[in-house]
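Residue-level structure breakdown
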Amino acid sequence: MLERKQLHGLKQYIQTDISEERLNENYHLVKDLIPPHVEFVQICCDEEVDQKPNPFGIPERSVDLVVSNLSMHWVNDLETAMVSIRKTLKKDCFVIMSMFGANTLFELRSAFSLSMNEVHGGIGTHVSPMIDGAGLSSLMLQSGYNLTSIDLDRHVLLYDSPFHVLEHIQAMGESACHIHRRPLDRATLATMSAVYQGLYERNRLVPATFEIFHCIAWSPGPGQAKPLDRGAGQIPIQTISTAEHKELQVILDEYAKNPTDEGLRARAESILGTMREQSEQQLSDKGVDDGRSLSIAKGFHPESFS
């Protein structure tokens, strides 16, 4: 955003980190990218320290957007941190974050578990714990957010050996840092490597999975859309034409690559219009006419799907 000068009315840019050294590094990286009219603030804070009114040192309901990129998995008390973030947000504003999911490095996790059990007769933790999709969804709801959306990316990287995986993790600064952790010895590492290769090696390469959740959630606001009551739906989802949905998805994928193509936009609007008519007809057949079905095509903006 800063590099592209797409500030969208930005007036204040706040960075927070537990490390003062890291904040100093970030300052030199971005100071020349921030225009003079944008206030640049850095706060060294610990989200787990009980500070009033907020551990981030930011006034309540003063921020329009919070962004976190691949750092929330380091937080021990996620719910408290997410509640604190929500309190800093203004009404009807949002948080965008990405974080590693529970299936990240499952190959390494299982190899370490088996090797520790073989060498020491018990299991020790050598990969950081991470949240799964159901846990993240529950976390956002329990923290008081509305309109939560979660997406998932899964990347499988290939390495020459398990030791190259460990080297990469260390270079990323993602080595496990548990307080109670048994130090690794040569026997454990050698057994882990053998187990890893025996279970997962293909074509002389070993995979390492990185699962990343992308989440957006909104602070409560009076003008937000509210879900209908359970059971208020009048048309079963299976009655809607799947063929038209598939055709619409193909058009939207093409439109995402060519957002100026008015022909694709017109085709998408035509399909949505047909779906609206089908919905209205089905409601009419059931003797229901509350106007809800009209929202399916009115105010359509294909760019919102790209």
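An account of the accompanying structure is given in this report.

Reading guide: rules and limits
Residues numbered from 1 in each chain as written. Predicted model: local features only at pLDDT ≥ 70, side-chain atom pairs only at ≥ 80, totals over all residues. Heavy atoms only, no water. Pairing = 2+ DSSP bridges. Helix = DSSP H or I, 4+ residues; strand = E, 2+ residues; numbered from the N terminus. Axes fitted to C-alpha atoms, helices over the stretch in contact; angles between N-to-C directions. Contact = heavy atoms within 4.5 Å. Parallel < 35°, antiparallel > 145°, perpendicular 65-115°, else oblique. Left-handed = near helix turned anticlockwise from the far one by under 90°. Nonpolar A, V, L, I, M, F, W, Y, C, P; charged D, E, K, R; others polar. Buried < 20%, exposed > 50% of the residue type's maximum accessible area, 1.4 Å probe, protein only. Salt bridge = Lys/Arg side-chain N within 4 Å of Asp/Glu carboxyl O. Right-handed = clockwise from strand over helix to strand, strands pointing away. Expected span 1.5 Å × (residues − 1). Arc of directions from axis to C-beta. Phe/Tyr/Trp six-rings, centres within 6.5 Å; stacked < 30°, edge-to-face > 60°.

1. Section: the sheet that holds strand β6 (residues 206-218)
Sheet strands line up and pair through hydrogen bonds in the backbone, either parallel or antiparallel. The strand order across the open sheet formed by four strands is β3-β4-β6-β5, and the pairing between neighbours is mixed. At either margin of the open sheet sits one strand with a lone partner, and together these are β3 (63-69) and β5 (146-159). On average, each strand axis in the sheet is tilted by 10° relative to the strand beside it, whichever way the strands run. Examined bridge by bridge, strand β4 (residues 89-100) and β6 share seven bridges and lie antiparallel to one another. Its bridge partner being in β6, F94 is matched across the sheet by W218. Contacts from helix α4 (residues 133-142) reach β4, β5 and β6 within the one sheet, and its direction differs from that of β6 by about 20°.

2. Concerning the packing of helix α2 (residues 78-88) against α4
Direction vectors running N to C along α2 and α4 enclose 45°, while the axes themselves pass 9 Å from each other. With respect to α4, the axis of α2 lies oblique. As for how α2 packs across α4, the hand of that crossing is right-handed. Residues L78, E79 and M82 of α2 lie in contact with α4, whose contacting residues are L139, M140 and Q142. Each residue belonging to the contact of α2 with α4 can be placed in one class, and the counts come to four nonpolar, one polar and one charged.

3. Looking at the environment of K90
Its place among the elements puts K90 in strand β4. Judged by relative accessible area, K90 falls into the partly exposed class, the value being 32%. When the C-alpha atoms of K90 and E60 are compared, they prove to be 7.7 Å apart, with 30 residues separating the residues in sequence.

4. Things to note about the side chain of S219
Following the sequence through the fold, S219 ends up in the loop between β6 and α7 (242-257). Contacts of S219, omitting those with residues within four sequence positions, involve R86, L89, K90, K91, D92, C93, Y145 and Q224.

5. A closer look at the pattern of salt bridges
Following the criterion strictly, the structure yields four salt bridges and no others. Between R154 and E211 there is a salt bridge, with the nearest N and O atoms lying 2.6 Å from each other. Placement of R154 in strand β5 and of E211 in strand β6 is noted, with a sequence separation of 57 residues between them. By relative accessible area, R154 is classed as partly exposed at 48%.

6. Examining the pairing of strand β1 (residues 12-17)
Moving residue by residue along a regular strand, the side chains alternate between the two faces of the sheet. In this structure, β1 lies alongside strand β2 (residues 39-44), joined through six bridges in parallel fashion. If you follow T16 over to β2, its bridge partner there is I43. The parallel pair β1 and β2 is bridged by helix α1 (residues 20-30), and the resulting crossover is right-handed.

7. Some words on helix α3 (residues 106-120)
For α3, which comprises 15 residues, the first-to-last C-alpha distance of 21 Å matches the rise-based estimate of 21 Å (1.5 Å per residue) to within 8%. Where α3 is concerned, the buried positions are E107, L108, A111, F112, S115 and M116. Along the axis of α3, the buried residues cluster in a sector spanning 150°; they form a single face. In the stretch just after α3, G121 is the one whose phi turns positive, near 75°.

8. A short note on the packing of aromatic side chains
Within this structure, the stated rule accounts for six aromatic pairs. Ring centres of Y27 and F40 lie 5.9 Å apart, and the angle between their planes is 5°; this geometry places the pair in the stacked category. Placement of Y27 in helix α1 and of F40 in strand β2 is noted, with a sequence separation of 13 residues between them. Its relative accessible area of 36% is what places Y27 among the partly exposed residues. Grouping aromatic residues by their ring pairs yields a cluster made of Y13, Y27 and F40.

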